[in-house]
Amino acid sequence: MFFEMSNVTKSFGGLVANKDISVEIAEGEIVGLIGPNGAGKSTMFKTVTGFHIPDSGSISFGGKDITKYEPNKICQVGISCTFQKSQLFSALTLEESVLVGAYCRHKRKSQALPLAHRMIEFVGLGGKEEVKISKLNMFERKKAELAAALATEPKLLLLDELFAGLVPTEVELMLELVKKINEEFGTALFIVEHVLRVIMGICTKVYVLEYGQLIAVGTPEEVTSSEVVIKAYLGDDDFYAATDIKS
Amino acid sequence: MRSDNLLRRERLLHPLTAVSLALVILAAFVPIFGDRLMMNIAIMAMIYIILGHSWNLLTGLAGMFSITHALFFGLGVYGMSISVAKFHLPIIAGLLVGLLINIVMSAIVGMIGSKLSGLYFVMAQVGLSQTIYTLSIQLFPLTGGVTGLSMPREYLMDKSTLYWIALILAILTTLAFAFIRKSRMGTMFVALKENPDLSLSLGSNVGKWRIMATVMSASMASLAGSFYALFMMSNNPEVFSMVISLKIIIVVIVGGIGSVWGPIVGSSLVVMDELIRGIMPTTMAPFSVIIYALVLIIMAIRHPEGLISIGRSIGLKLEGKSMKKVSISK
Ligand SMILES: Nc1ncnc2c1ncn2[C@@H]1O[C@H](COP(=O)(O)OP(=O)(O)O)[C@@H](O)[C@H]1O
Ligand SMILES: [Mg+2]
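What counts, and at which threshold
Residues numbered from 1 in each chain as written. Chains lettered and ligands numbered in written order. Predicted model: local features only at pLDDT ≥ 70, side-chain atom pairs only at ≥ 80, totals over all residues. Heavy atoms only, no water. UniProt positions renumbered as here; feature names shortened; annotations may be inferred. Near = heavy atom within 4 Å. Polar contact = N/O pair within 3.5 Å; in protein donor to acceptor, adjacent residues only side chain to side chain. Areas by Shrake-Rupley, 256 points an atom, 1.4 Å probe, with all protein chains shown as cover. Helix = DSSP H or I, 4+ residues; strand = E, 2+ residues; numbered from the N terminus. Nonpolar A, V, L, I, M, F, W, Y, C, P; charged D, E, K, R; others polar. Contact = heavy atoms within 4.5 Å. Buried area = accessible area lost by both parts, 1.4 Å probe. Salt bridge = Lys/Arg side-chain N within 4 Å of Asp/Glu carboxyl O. Donors = N, O, S within 2.8 Å, 3.2 Å for Na, K, Ca; no water. Buried < 20%, exposed > 50% of the residue type's maximum accessible area, 1.4 Å probe, protein only.

The name given to chain B in an unreviewed UniProt entry is Branched-chain amino acid ABC transporter permease, and the organism recorded there is Neobacillus rhizophilus. The Subcellular location (unreviewed entry) field of the UniProt record for chain B holds the comment "Cell membrane".

An unreviewed UniProt entry lists chain A under the name ABC transporter ATP-binding protein, with Neobacillus rhizophilus given as the organism.

Once that is clear, we can look at the site of ligand 1. Residue and element names in this part refer to chain A. Close contacts around ligand 1 come from Phe12, Leu15, Ala17, Asn37, Gly38, Ala39, Gly40, Lys41, Ser42 and Thr43, and that covers them all. The separation between an oxygen atom of ligand 1 and a polar main-chain atom of glycine 38 is 2.8 Å. Across the complex, the protein chains shield 59% of the 560 Å² of accessible surface that ligand 1 would expose by itself. Of all elements in the fold, only β2 (15-25) and α1 (41-48) reach the threshold of two or more residues within the shell around ligand 1. Sort the elements by how many residues they give to the shell around ligand 1 and α1 lands first, with 3 residues. By residue class, the composition of the shell around ligand 1 is 4 nonpolar, 5 polar and 1 charged.

Residue and element names in this part refer to chain B. Those residues carrying the UniProt feature "transmembrane region" (unreviewed entry) are residues 12-30, 61-79, 91-112, 118-140, 161-180, 209-231, 243-264 and 284-302 in this numbering. Between the first and last C-alpha atoms of residues 61-79 the distance is 27 Å; the span itself is 58% helix and 0% strand. The annotated region residues 91-112 carries 100% helix and 0% strand content, and the separation between its end C-alpha atoms amounts to 31 Å.

Let us look at the interface of chain A and chain B. Counting residues at the interface gives 32 residues for chain A and 25 residues for chain B. Taking both partners together, chain A and chain B bury about 2,300 Å²; carbon and sulfur atoms supply 61% of that area. A per-residue breakdown of the area chain A buries against chain B is headed by A:Phe89, A:Tyr103 and A:Glu130, which together make up 24% of the total. Taken together, chain A and chain B are joined by 1 salt bridge. The partner of B:Arg181 in a salt bridge is A:Glu96, and the shortest N-O contact between them spans 3.0 Å. Only α2 (71-77), β6 (79-82), α3 (94-102), α4 (109-122) and α5 (138-150) of chain A provide two or more residues apiece to the side of chain A that touches chain B.

It is worth spelling out the coordination of the magnesium ion (ligand 2) at this point. Where a metal carries four tetrahedral donors, each ideal angle is 109.5 degrees; where it carries six octahedral donors, the ideal angles are 90 or 180 degrees. Residues and elements named next belong to chain A. In the first shell of the magnesium ion (ligand 2), the protein supplies Ser42 (OG) and Gln84 (OE1), at 2.0 to 2.2 Å from the metal. Note that serine 42 is positioned in helix α1 and glutamine 84 in the loop between β6 and α3, a separation of 42 residues in sequence. Owing to a relative accessible area of 32%, glutamine 84 belongs among the partly exposed residues under this scheme.

Let's shift gears to the side chain of A:Asn182. All names here are of chain A. On the secondary structure map, asparagine 182 appears in helix α6 (residues 168-185). Assessed through its relative accessible area of 16%, asparagine 182 is described here as buried. Of note is the side chain of asparagine 182, whose polar atom sits 3.0 Å from the backbone oxygen of glycine 28. For asparagine 182, the residues in contact, after removing those within four places along its chain, are Gly28, Ile30, Thr187 and Leu189.

Here you go:
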């Protein structure tokens, strides 16, 4: 399997944030991860990206056991992510920020720079290379973070609530961009999202997490009509909004 | 794309040419009109420019607060003076010995800095620096103890030679800082200061870069120290003192932290300090540190971004501003 988490458990003191999690992602696949706030989604991503070491279980990528890899090593083998709460590098320019990612693949600036420029163009921020990150608006900052992650040339990209805080028109644009990443680079995507329309629109498989445990997995249609999931989301407006749009 | 790069290169060179020009003009004046006192003052200013760039690299760019920076400077001094006074090695060997000791020491400091943060890093530095200070006194046969060693007369250089060397070193370190800032290393330094987690997740080996920043910074300080030994023709444990560390920090903070201009602007403080010392009775001289402390407090309250920010606000076209103009007109 291209990417596989097997029986991963991660706890903080007495709190079990992830319990016995098993996930499979195929090459180039787009997979969603949903669940109420505090379910343990971000923890799962941080475990995959090497910021937490799981208490038990293993993670493999491209046939390699990456369970104990440091975050920078994870990036080097081809897994990148965008953070839920990111400040990016406010004192750097857009170009320099994306260069940080590009330097993961090229040591020389003369080779990293064209890659960084390509990614800046790709996310639609061409012309803003010299602008300080602190001068970008929220939407631009999210695209900048995406560009930096893409510059590391990932084979698997984890997006943690990339769409949160965007207005509907921006959600549409971002959705197009995310699709384009998958189409043009063949990057597999693992997406945590509250805006369920995003999950419905592009994922072929969705995992549902509640209280640290996976309670369902299937196509978006299967998952949203599942009893357990509806119960887990009872009273969650996002969920109803999304299913309404679908029907 | 190509013209884009050209433009950027021009912009990188522009402020640097200005700095070099300014320094060269200054250089032309001092040996002609200046007396020995003036040359001494100018040399001290150059030394603090070098030390300022060194500290600015580690703290201004990589965000690792170096509180006992005189440690690296002092090791440079002792590397030179011991090699020359005790072992009669050539100057270049003294320079290399200082560098070597500093690389070892800074690798240790850098490793500590990549594991510990904040107060713990500061405490570790103070501990290390006190240890070295004590050793420099106790290892009398090697270091000359409290009084230090005197270097043999054949190493004596005349003032204007020393002056030119100081100038060249100051220009070279200024160029080095500016170059590093724009290179891969500089980007990685600032990135890890701004957001270490994101740097890691973008593949940056944050621990390695922290050690690298410390080693680069210590090497620059070592250069200043080795030169200082030749300038003073002796050593003494006071080169490790907190007063020197404090002055380095203040020079950069007053000038403008993180900017290539910072140490250059801030070194004017050293000139002022030396002038004041010149007219003050010698018993009062140690109190000059109070001036630094006062200036620091005033700057922290009125102009936290350093003198450079005042320059910018009255319309001087320094780095940041001129860059913005070019990118808008593009
Ligand atoms: N570093 C941490 N230390 C202690 N508890 C944490 C830490 N990170 C997350 N948690 C806890 O783990 C649970 C899951 O959090 P998180 O993974 O952020 O959820 P989600 O992203 O699904 O909203 C929460 O109860 C949270 O408080
Ligand atoms: Mg989260």
